[in-house]
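The lines below spell out each chain.
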Amino acid sequence: MPRALITGITGQDGSYLTELLLDKSYEVHGIVRPNSLLEHSNLKHLYHAPAIYNRRLFLHPTSLEDYGAMWRIVTEAEPSEVYHLAGQTHVGLSFELVESTCELSAMGTLRLLELLRDLKVPPRFFHASSSEIFGKPETGPQDENTPFRPITPYGCAKAFATNIVSVYRRTFNLFACNGILYNHESPRRGENFVTQKICLAAAAIKEGRQNDLVLGNTASERDWGDARDYVRGMWLALQHPTPEDFMFATGELHSVQEVIEIAFAAVNLDWRQYVKTDAKLLRPEDPARLVGNPSKATEKLRWTRSTTFKQLMTEMTLAGLKEKH
Ligand code: GDP
């Protein structure tokens, strides 16, 4: 039975990756924060499944910063694959939580690599990097060779982590890969990300639970994919014969405005009556024209996406409905 260790296992990606690996007969170990409320997390269905929890899925409450504790978990679980997904991943918040964002995303990655480097047989290592490393790129679509020019604290932390993964791959011979992930969404996306904020608001307004929706820059554009496709990409990257970096993206740009229109149309509402903007929600800096070229992953890993943007936004909106309509 192959064994995997996931940091950030309770997040959107961690929970989908756990399901994928359990389906593939892995034993899955996850790092969770000591005070994590698992009953309310994205893993609650697995946590309450007696055939799985503590049989094929093991959760270790610890802090990534605790080297000794991490060392014990890694040497006891002996994973053959490590997926490093943990971090403070909200870009807007990273302007306020600069130090903890960098501590978790930059130093957290380095500490994990240091630990793996000391093992006799280091596991394969996947780092969830981000399109934020490109900032405001001059070229589009970006690919694995586009220079890093981050413009947000989160982007800076991720640029460091991505570079240090490459350094450990080259100099210490670790099987370490970066997945450069563009925004990816699902019904499990955190509520402070714009797609989920809009989709949940449209559903709540439909059901009379909310009156309006206040947003920042609705002209902002992103390359939004489906999280379930991106975790499949992570697994494929570690099955590849050689450690390489791969970009996971859709190659399509859509605006926040388009998300609004699809979400409100999904519940038969006219968005003009409910959506407002507030300058307070504008960001000090916001990357522009981040769109990725997934050709390398498509060709070398046979990675493809399974949903369209419209299908995904519609699914997220309908998943937000509490009543049957
Ligand atoms: P990010 O790309 O990781 O920052 O993902 P987000 O979903 O947080 O933001 C995507 C884009 O939506 C950014 O350009 C934001 O500036 C823009 N945006 C506009 N209004 C909002 C809002 O109310 N909340 C969030 N989170 N983003 C917003």
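What you are looking at is a predicted structure, and each value in this text was computed from that prediction instead of being measured. (Residues numbered from 1 in each chain as written. Predicted model: local features only at pLDDT ≥ 70, side-chain atom pairs only at ≥ 80, totals over all residues. Heavy atoms only, no water.)

Okay, the domain arrangement of the protein next. The domain boundaries assigned to the protein delineate domain 1 (3–184 + 224–248) and domain 2 (190–222 + 253–289 + 306–319). Placing a centre on the C-alpha atoms of domain 1 and another on those of domain 2 gives a separation of 27 Å. Residue-level contacts link 19 residues of domain 1 with 21 residues of domain 2. Each partner contributes to the roughly 1,700 Å² buried at the junction of domain 1 and domain 2, and carbon and sulfur atoms together form 57% of this total. Looking only at domain 1, the three residues that lose the most surface to domain 2 are His90, Phe95 and Trp224, adding up to 41% of its buried area. (Domains from an automatic or database assignment. Contact = heavy atoms within 4.5 Å. Buried area = accessible area lost by both parts, 1.4 Å probe.)

With that settled, the discussion passes to the sheet that holds strand β2 (residues 27–32). What links the strands of a sheet is backbone hydrogen bonding, and the strands pair in either a parallel or an antiparallel sense. Reading across the sheet, the seven strands line up as β3-β2-β1-β4-β5-β6-β11 and stay open at both edges, with parallel pairing between neighbours. Single-partner strands in this sheet number two, and they are β3 (57–61) and β11 (246–248). Across the sheet, the mean angle separating the axes of adjacent strands is 20 degrees when strand polarity is ignored. Bridge analysis of strand β4 (residues 81–84) against strand β5 (residues 124–130) gives four bridges, and the strand direction is parallel. Within the sheet, the bridge partner assigned to His84 lies in β5 and is His127. In the packing of helix α1 (residues 12–23) onto the sheet, the strands contacted are β1 (3–7), β2, β3 and β4, and the crossing angle to β1 comes to about 175 degrees. (Pairing = 2+ DSSP bridges. Helix = DSSP H or I, 4+ residues; strand = E, 2+ residues; numbered from the N terminus. Axes fitted to C-alpha atoms, helices over the stretch in contact; angles between N-to-C directions.)

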